[in-house]
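Each chain, letter by letter, is given below.
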Amino acid sequence: MKFHEALAVLATQDKEKGIYVYTRSDLRLLFADDSKPAFDSSLKNLVSKGLLVREVTNVYTYAHAVTPKTHCRELIAQALRPEAFNYVSMASAMALYDNDSPHITLPLEVMTTGRRGRFETSRGPIEFTHSHRELSQLIKDTKSITGHPLRYARKAVAERDIRRAGRRELAENENIT
């Protein structure tokens, strides 16, 4: 893929579909005509020229997107665990319920049915904590919020997740017993 061709495809995806976060597999589907070596070389070139930002291994964002990037970390989290049920919880969800909350929600804290892990992105860290709960219960314990790609834990569930994850210092700051 040539730079100007990639720019046209990515700009169209952004403007027409609002897509600006891609996995490597997504990009491979967009540029399926390229051989694997040509694709690998082009991808490296697109990152070095600043058209794509490598957020973490195999997840990229379109640097010139016009789509508002207000929930970009949630989209990146979704791309990192596409097969899992993911929802925002703990301090990240509590910030939604408590505007006077004293804590800073620097990692985006995501509960997942997938693997746990922490990822540093250009937009800030994302931390996954594994949940063993049943999917039907997770759906009841969370809610969709307009404009957010991930579901959010209800307040009582976010508090419970803080206790279960052993975040004592956060629980004490929030007066969660």
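Definitions and cut-offs
Residues numbered from 1 in each chain as written. Predicted model: local features only at pLDDT ≥ 70, side-chain atom pairs only at ≥ 80, totals over all residues. Heavy atoms only, no water. Helix = DSSP H or I, 4+ residues; strand = E, 2+ residues; numbered from the N terminus. Buried < 20%, exposed > 50% of the residue type's maximum accessible area, 1.4 Å probe, protein only. Contact = heavy atoms within 4.5 Å. Areas by Shrake-Rupley, 256 points an atom, 1.4 Å probe, with all protein chains shown as cover. Pairing = 2+ DSSP bridges. Polar contact = N/O pair within 3.5 Å; in protein donor to acceptor, adjacent residues only side chain to side chain. Salt bridge = Lys/Arg side-chain N within 4 Å of Asp/Glu carboxyl O. Axes fitted to C-alpha atoms, helices over the stretch in contact; angles between N-to-C directions.

Quick notes on the overall build of the protein chain
Counting its regular elements, the protein chain contains eight helices and nine strands. Expressed as a percentage of the 177 residues in the protein chain, the buried residues total 46%. Of the contacts made within the protein chain by residues no fewer than 6 positions apart, 57% connect residues no fewer than 24 positions apart. Accessible surface computed for the protein chain: about 9,800 Å², of which carbon and sulfur atoms make up 50%.

Here we look at the pairing of strand β2 (residues 52-56)
By the bridge criterion, four bridges tie β2 to strand β3 (residues 59-62) in an arrangement that is antiparallel. Bridge assignment links leucine 52 to a residue of β3, and that residue is tyrosine 62.

Remarks on the side chain of asparagine 86
One can find asparagine 86 in strand β4 (residues 86-88). Among the polar contacts made by the side chain of asparagine 86, one reaches the main-chain carbonyl oxygen of arginine 81 at a distance of 3.0 Å. A polar atom in the side chain of asparagine 86 sits 2.6 Å from the side chain of threonine 112. Residues in contact with asparagine 86, not counting those within four places in the same chain, are Ala77, Gln78, Arg81, Val110, Met111, Thr112, Phe128, Leu150 and Arg151.

Quick look at the pattern of salt bridges
Across all of its chains, the model carries eight salt bridges by this definition. Of the charged contacts in the structure, one is a salt bridge between arginine 133 and aspartate 141, with a shortest N-O distance of 3.2 Å. For the salt bridge of arginine 160 with aspartate 141, the shortest nitrogen-to-oxygen distance reads 3.0 Å. A residue pair is termed long-range when its members are at least 10 positions apart, and arginine 160 in helix α7 (residues 155-164) and aspartate 141 in helix α6 (residues 135-141) qualify at 19 residues. Overlapping salt bridges bring together Arg133, Asp141, Arg160 and Asp161 as one network.

Quick notes on the sheet that holds strand β7 (residues 126-130)
Here we have six strands laid out as an open sheet, ordered β6-β7-β5-β4-β9-β8, and mixed in their pairing. With partners counted over all chains shown, the strands left at the sheet margins are β6 (117-119) and β8 (142-143), one partner each. Against the sheet, α7 makes contact with β4, β5 (108-112) and β9 (151-153), and its axis sits at roughly 70° relative to β9, the strand it touches most.

As for unusual backbone geometry
For asparagine 58, which is not glycine, the phi dihedral falls at a positive 70°. On the secondary structure map, asparagine 58 appears in the loop between β2 and β3. A relative accessible area of 36% means that asparagine 58 is categorised as partly exposed.

A closer look at the pairing of β7
Counting buried positions along β7 gives four out of five residues, so the element sits mostly inside the fold. Bridge analysis of β5 against β7 gives five bridges, and the strand direction is parallel. Within the sheet, the bridge partner assigned to methionine 111 lies in β7 and is threonine 129. As defined by bridge partners, β6 adjoins β7 across three bridges and the pair is classed as antiparallel. Each residue of the ladder has a partner; that of glycine 117, found in β7, is phenylalanine 128. Connecting β6 to the next strand, β7, in antiparallel fashion are six residues, including glycine 124 with a positive phi near 120°.

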